[in-house]
Structure formats: C-alpha cells, structure tokens
Amino acid sequence: MKSSPLIFRLLALFTSLTLLTSCGPSTIPIEQGIPWELAEHRSRTISNLRYHFTLTIPEFRTETITAKSRISLDWNDPSNQALILDFLLPEQRVHSLSVNKRETDWQALNDHILIPAYLLQQGANEIELNFDAGDEAFNRRDDFMYALFVPDRAHFSLPLFDQPNLKARVTWEVSAPETWKVIANGPESIVTNGNGRSNYTFLETEPLPSYLFAVAAGIFEKETATVNGREFNMYHRETDADKVVRNRDEIFRLHAAALAWLEDYTRIDYPFQKFDFLLIPSFQYGGMEHPGGILYRQASIFLDETATQNQMLGRASLIAHETAHMWFGDLVTMNWFDDVWTKEVFANFMAAKIVNPSFPEVDHELRFLTAHHPSAYSVDRTAGANQIRQPLENLLFAGTLYGAIIYQKAPIVMRHLENRVGEELFRDGMREYLATYAYGNATWPDLIAILDKRSEQDLSAWSQVWVEQAGRPSITVTREDGDIVIRQSDPAGLGRVWPQTLNVQLGSIETKETLTIELGAEPQPLVGMADVAYVLPNASGVEYAGFVLDAASQEYLIANVNELETALLRGASWVSLWDQLLEGRLAPSVFLREALDTLAVEQDELVVARVLSYVSSVYWSYLSEAQRESWNADMENSLWSQVNSARSRSGRSSFYAAFRNLAMTPDGVARLQRLWSGTEEVAELPLSETDQIELAMGLAIRGSSRGVNNAETILSQQQARIKNPDRLARFKFLRDSLSADPAVRASFFESLKQESNRDREAWVLAGLRSIHHPLRARESLELIRPALNMLEEIQQTGDIFFPGRWLDTTLGGHGSISAADTVKDFLDETAELSPRLRLKVLQSADGLYRSARLVHGWDENQVGRSL
C-alpha cells in the first residue's frame, strides 16, 4: 500500500483510530516503541509463532537490502482488535502484505503495521511481506554486516513482534556476494553459488526472543575445531596470522570448558543446534549471546602476546559470560525487560565460577571483588544510583536499564543470596528454574518462589531492599567506651536496612582475628576490643556497603596495607580506602604515596591492577595541575623501575601500559617517542600494532606543551604503518579528534551531530575521549553542554550502552568548577529530561563533581557559581 507520505500518514492515522476505537474500552495503546500493554495483549493472543526471513544483501552498502518474510502464528483474540506488527517506517519500506495468501491493505501508525481483525481467522494464520530491510540494526560496513537487535531494535530492520515474551522459531535464507560468508542462528542446510552470489538456507531454530535473532555476513576468515566431540566455528577479520595462531587453541578450549561446566551445573545439555562465534572489530559491546552466532569484540578475544593476567581473566570471563547466557537468557528468557538483569546477573555470577579451574593460581575471591565492587560502587555511591530491578513501561527505554548495577552489583547480591540459602540449595533451585521454564519466559519472582519454598529464610523481604531499591548501606566503624561498634544506616534517610553477613578482621599485622557478625538494624558491639590497631569490616571481599573506617583504622591501614597477609585482605583494604578518599576523609596525596610504595612490593597481579587504576584516577582527577607536576618524576620512576623488574611478563606489561598512560616529564615523553619509533625497546614486551597506534595517539594528545612538536608527523607516519584495514579505518576516523587545533577537534564533535557519523559507536567514544582528555579539558569545556543537549537523541538512536558511555567520555576528563557548573546548569534547566537519563547524567558526573569539590572547593549550592 503506497501513497504520498503526508496523505498516507493522515489517512493511516484516521483509519487506525477509527479501527481501534471501534474495539471498545479495552483498546490497547499504539505508541512508538512497544508499550507493556501491547506486549501483554500479544503474548495472550498469539502462539505457535514462526518467522521465515529471506534477505538479499547487495555488495555495496549504499544499496538497499531487499527482503521477504513469512510469519506463521495462531491467533486467538476474542476482542477482535487489530493485529499489530512492529516495523520502523513501514509506510516507506513495505511493498506488499498478504494475509492468508490474499494481498491486502494495511495501516501504519507510530512504527507499527496494523492488520484489521476481519482479515484474520481464529487459529492458524500466515502473513507475508515484501519490504526493504532497515539498516538501523544491521550495522552495515563496506565488506561485512551484523545484526544487533537487543533490546528492541529488531523491528528497526525487520517486521515482527519485537518483545521478549513472544518467542518464535526463525528460519533464515540469505543471498550475499560470493566472496562473503554468512552466519545465522541455525545450522547451514543448503549453500549454492552462482552469478557471483552465494545463497544460504539455514535450519529452523529452537524458540528465541526477537532480540536474539542473528544474521551476519561479510569477508571473514574461518577457524574450526572439535573439542570434547563438539564442533566450534570461529569467524574473524584479524590479519595478523601469528596472533590468530597464538590465541586459537585457548579460545576454543575456554568455550569447551565453559560448556562442560554449565552442562554439569544445570544438568541440561547445550540447548541449541550449533556453536559458532564471530569476532567483530570495534564491536559495541564485549559480547552478545546470539545462539548459534555469538558476537565478540575482536580485541577482547585475540590478545597480544604481552597480555596481562587481568586481560587473560577478562577474556575467559567474557567467554564464560556469553556461554552461560545460552542457559540464562536464551533457554530461559525474562518475561519483560524490567528483569533483563536476571539474564546478566546469572551470566556474570556463573562466569565467576566457570573461570576458576582454568586459573588455579588466581585468588578467585579477590578476582570477584576487583571485578565487581569498584564498578558497582562507582554507580551506587552516586546521586544517580538505580535499583537492580527497574520498572519499564515501554521497550523504547529498555536500553537505559543497562549499566554497572545489573552487571556488577547484581552478581554480588546473588552471591549474598547463595550464601544465605546455601550453595547446594541454590544450585538445585536453579536447576528447577531452568527445567520449569525451558524455551519459555520467567520473572525474578518466579525464581524467588522456587528458592523460597526450599529455604526457611524470608527471601521476598530480603529481595525488596537488595533488588527492588536503589543504593547501598553505610556501615560505620566506631570506638565507644572500650568497644568496637559496627552499625549500618541508610544514606538516603529512609530507614532501610540491608541484612548481610560481615567478616570483620581486627587486630594488628602481628596479631589478628576474624569475626563473623550478622548486621541488621541494631548496632553490633565487639566488646572490649577498642584497643586493636585496625578494623576491616569487609574482610571476605563479598560485603557490600559504603564503609566508613574509624580514624585509627584508616591511618593504620594506609600505612601498613602492603603488610596484610593475604592478597584478598589487601585488595579489600584498597577498595575501602578508595571510598575514604572519595568522601574527603583521606588526602589524595597520602593515598598516592602509599599506592606507589605498595606497587614497588606488591606481587599479586590483581591487586597491582587495582592499585594502578587508582593511581591513574588520583593523578588525573584528584590532583591540581601543580600537584601533578610535583608527582610526575616520582611516579614515572616508580613505574619504569617495575617495567624492568624481575616480575612475570604479564606483571611487567601492566606497569608498561601505566607508564605509557602517565609519563609526562620531558625525559618520560622522550622515552615514549623512542619506544614508538622503535629506537628503544623493552625486553619481552614488544608493542603490537594496536599498542603503537595508542602510543601515537597519546603523543599527539600530549602535544607541544609536553615536548611533542611533531605530532602531525607522528600521526601521518603511524597511519602509513597500519596494515590491518579495520584498524586503519578507525585511525582515519579519529585523526581530527587528535588534532592540535581546538577548532579541528570541535569540527569533529560537530560532525557527530549527524547520526550516520555515529554508527561506529566505539570509534565515536574513542574520539570523545581524545577531545576531553584532561590535558585538553580547558579547550573542550565548551563542548560539554552541546554533548549533553544531544543526550536524548543519543538514547533514541544508539545502542544500549551508548548514552552512558557518551556521558562518561564527555565528562571523565574534566574536574573543574566550570565543568561541574555546566552539568548542574544543564540538569537545572532541563526539567523535561527523562528521569532515567537524569540518573545517567548524575552517575557520569559523580567523579567530576567530587574532583571539583575536593581539588577546587566547588560548592554546588552557591548562588551565582563562577565560571
């Protein structure tokens, strides 16, 4: 059905309203996005859903992907309301539509296709469409493309019912250029070649939600391995053959190990037909759990030969996370995206268990602490903290639910739950949950009900504060009348109580003991112990709170942290000491001094990585420019001495990366230039192509003010060196963001206002990071407000993590009063900003606000704040 756009929309609106209002008072809303009421109505009235998509992908991305779909369903709607499909701009893209073999007219409204009820029959129906597929969720590049539909973007490219609780079987047929490979959810059934084209037909899948539908095509290399009797196929675009060979076997081994562990834990065999995965350069996320076609960011899987222990653990955890999703999220899917956290928490929670056998030398309790608590706290301590389980009225806003709370806090909370009910009971409950809801949908209350009937604990009450509400408790250590007293309070003043178990270590380096206490509403006194040197209330690393140490404990720990006997205790101490700094109870210079002293002797690589991260944060965010200058030489010497120490290769690599990030003295910058040019090398730590690119970019950002007077020459020479075409394309995109001319950098930012220039989000974020680097903060200050003004558009057009990362990269390099005022003025002047985006701004601005307060004395309540 075609007409002029204006006439079509007016006619469609009139006809649709007439059609819908004739249905009586139960008429469902037809808004943009997928409202909850619409999704619930469809889940009640539609069943036995199947899709068959046929795509013809042209060689050139400027040409349109033409497509057909056949949708089979059983329809049972006593109210006889219109059947509503979701599809972006259907009035422009749909060429024909037939119902039960009869071509018919249809209506378009708010990115939906409305099919009148009288065209349907109760029971089996078949709908066929010829249409142009939308590029919006197909991530098309010059010689490859991939679908990324999470959370509600499938209908950006295809006509369907885009909601998680209408699972369907899907069949893909794809025609692509003959040199391209094609990957989809199901196994290949038929492949034919001719006339410069390859034609693939894939087998029908098990039931899947639309956000997991997957198809990718392009020029990829393929690696195949059989491990434990199962075939794995890996597709990639890496041109460094040595890197592929170094990583290949370990990548396959980690996948096989994760599958074996999960099959044993769940007592359910791998629930899908094949196990392929695709490595995407500059992928938006770490990974995406499409059954039969997992997507990964290529750089996270193909590691350099100088990879650190943290990077190797990160890869193993990422693989375990995406593999765990095959059961948690794919086999059993949340009913609605308010429970999206359930799939992410179980993936991260299980991943922490899965990687243990592969790294027997690692303290995995410490790994759990360092992988979860710092990121979770970075949101939960802010004024923008959100609860784990968030209400959601429309999938249009589902992307705003993602962040550190569901990825990092939720696994900590799940660990608390497992500890409360017992590991065996928890595992058996999970098995029942998966078996009960296999290939279907479930809610968080469904799982709590299963565990509740097995446990004597009141898990619903526990869940109410830990899952349904935002924030963390404040747990304070005081010395009162000869006793140590530990109490919790609600920082929001709402009187909430977070029940949890604390393992409290107290004593001195020479003599100490650990006590276990249950902390609720009542303070817990440790009688007669006020003379101990220190009290550490988070000694197991699992406790979760804003811990307020008493003055004596803080002073003792900051002076003696590297003498604590276990790496876990040292890691837990550093996490708590960081909170003391952020709350203004510990001077940044004191923290930095002890951190550098610790790095000279600390041997545990997880602790080293955490402390190095804190050193970088203190240096860039919590020291004035004059203070940074005073620390430069000491810090560089400390780091460089460890680069050339007797540590392991991965340990030295961590210090080498930190040195490249922080070297600022004339000698240090000159060394960076020699390292980039190749006239100086570090034994056993060669720079990869990626390292060389990042080093060239870092030198350009330092610029003439740091003695780099040939920045453009360095960038041009680096560009000529790059062999990998994907890395070269990224570098060309970023060139203007690296310019020494602020006007050129501003022009780069201005170009991002055009949506097509933001389609490679990882590149955009790298550009923003360069523009807003602390060394350029004064010059980029004027770009903060325009970036904030774009936030709603970023949320509407970008993928799930883009709004938060857009804010992080815009604000992360700033710490001035002027920058803080700019953000606060934006919030004060935009009352119409959605509450969810307001929280995102407050989360990302927290570090900026703290830096402005601690370093510059900013008072956000001061009238007429100075710019």
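The structure we're discussing is the one just above.
Residues numbered from 1 in each chain as written. Predicted model: local features only at pLDDT ≥ 70, side-chain atom pairs only at ≥ 80, totals over all residues. Heavy atoms only, no water.

**Q** Explanation requested: the overall build of the chain in the structure shown.
**A** Along the chain, the regular secondary structure elements total 31 helices and 28 strands. The C-alpha atoms of the chain give 28 Å as radius of gyration, which agrees with the globular expectation for 867 residues (29 Å, within 12%). Projected onto the principal axes, the alpha-carbon positions of the chain cover approximately 85 × 70 × 65 Å. A buried classification covers 61% of the 867 residues belonging to the chain. In the chain, of all internal contacts separated by at least 6 residues, the share reaching a separation of at least 24 is 72%. Surface exposure of the chain reaches about 32,200 Å², of which carbon and sulfur atoms provide 48%. Of the charged side chains in the chain, 81 are positive and 115 negative, and the gap between their average positions amounts to 3 Å. (Helix = DSSP H or I, 4+ residues; strand = E, 2+ residues; numbered from the N terminus. Rg over C-alpha atoms; globule rule 2.2 N^0.38 Å. Buried < 20%, exposed > 50% of the residue type's maximum accessible area, 1.4 Å probe, protein only. Contact = heavy atoms within 4.5 Å. Areas by Shrake-Rupley, 256 points an atom, 1.4 Å probe, with all protein chains shown as cover. Lys, Arg positive; Asp, Glu negative; His and termini not counted. Charge placed at Lys NZ, Arg CZ, Asp CG, Glu CD.)

**Q** What am I meant to see in the nonpolar core here?
**A** Formed by 249 residues in total, the largest nonpolar core has its most connected members in Trp172 and Phe591. The residues touching Trp172, leaving out its near neighbours within four places in the chain, are Phe53, Leu55, Leu158, Ala184, Asn185, Tyr200, Thr201, Phe202, Phe213, Ala214 and Val215. (Core = buried A, V, L, I, M, F, W, Y, C linked by side-chain atoms within 4.5 Å.)

**Q** What is the right way to look at the pairing of strand E16 (residues 230–236) in this model?
**A** Most of E16 sits inside the fold, with five of its seven residues counted as buried. Both strand E15 (residues 221–227) and E16 contribute to a ladder of seven bridges, which runs antiparallel. Across the sheet, the residue bridging to Glu223 is Met234, located in E16. Looking at chain direction, E16 and strand E17 (residues 275–280) are connected through four bridges and run parallel. Opposite Met234, over in E17, you have Phe277 as the bridge partner. Taken together, E16, helix H5 (residues 241–266) and E17 constitute a β-α-β crossover, and its handedness is left-handed. (Pairing = 2+ DSSP bridges. Right-handed = clockwise from strand over helix to strand, strands pointing away.)

**Q** It is not clear to me how the sheet that holds strand E22 (residues 474–480) should be interpreted in this structure. Could you clarify?
**A** Strands in a sheet are paired, the pairing made by backbone hydrogen bonds, and the direction either parallel or antiparallel. Spatially, four strands are ordered E26-E23-E22-E28 in an open sheet, and the strand pairing comes out mixed. Only two strands of the sheet have a single partner each, and these edge strands are strand E26 (524–526) and strand E28 (546–548). Adjacent strand axes in the sheet meet at a mean angle of 20° when their direction is disregarded. Examined bridge by bridge, E22 and strand E23 (residues 483–489) share seven bridges and lie antiparallel to one another. (Axes fitted to C-alpha atoms, helices over the stretch in contact; angles between N-to-C directions.)

**Q** Looking at this structure, I do not really get the sheet that holds E15. What am I missing?
**A** The mixed open sheet is built from five strands, whose spatial order is E15-E16-E17-E19-E18. Looking along the sheet, the strands with just one partner apiece sit at the ends: E15 and strand E18 (287–288). Contacts between H5 and the sheet are confined to E15, E16, E17 and strand E19 (294–297), with E16 contributing the most and set at about 135° to the helix.

**Q** It is not clear to me how the pairing of strand E2 (residues 66–75) should be interpreted in this structure. Could you clarify?
**A** Moving residue by residue along a regular strand, the side chains alternate between the two faces of the sheet. Only one face of E2 is covered, namely the one carrying Ala67, Ser69, Ile71, Leu73 and Trp75; the face carrying Thr66, Lys68, Arg70, Ser72 and Asp74 has none of its residues buried. By the bridge criterion, nine bridges tie strand E1 (residues 46–56) to E2 in an arrangement that is antiparallel. Its bridge partner being in E2, Thr56 is matched across the sheet by Thr66. One ladder, built from 10 bridges, connects E2 with strand E8 (residues 123–132); its direction is antiparallel. Each residue of the ladder has a partner; that of Ala67, found in E8, is Phe131.

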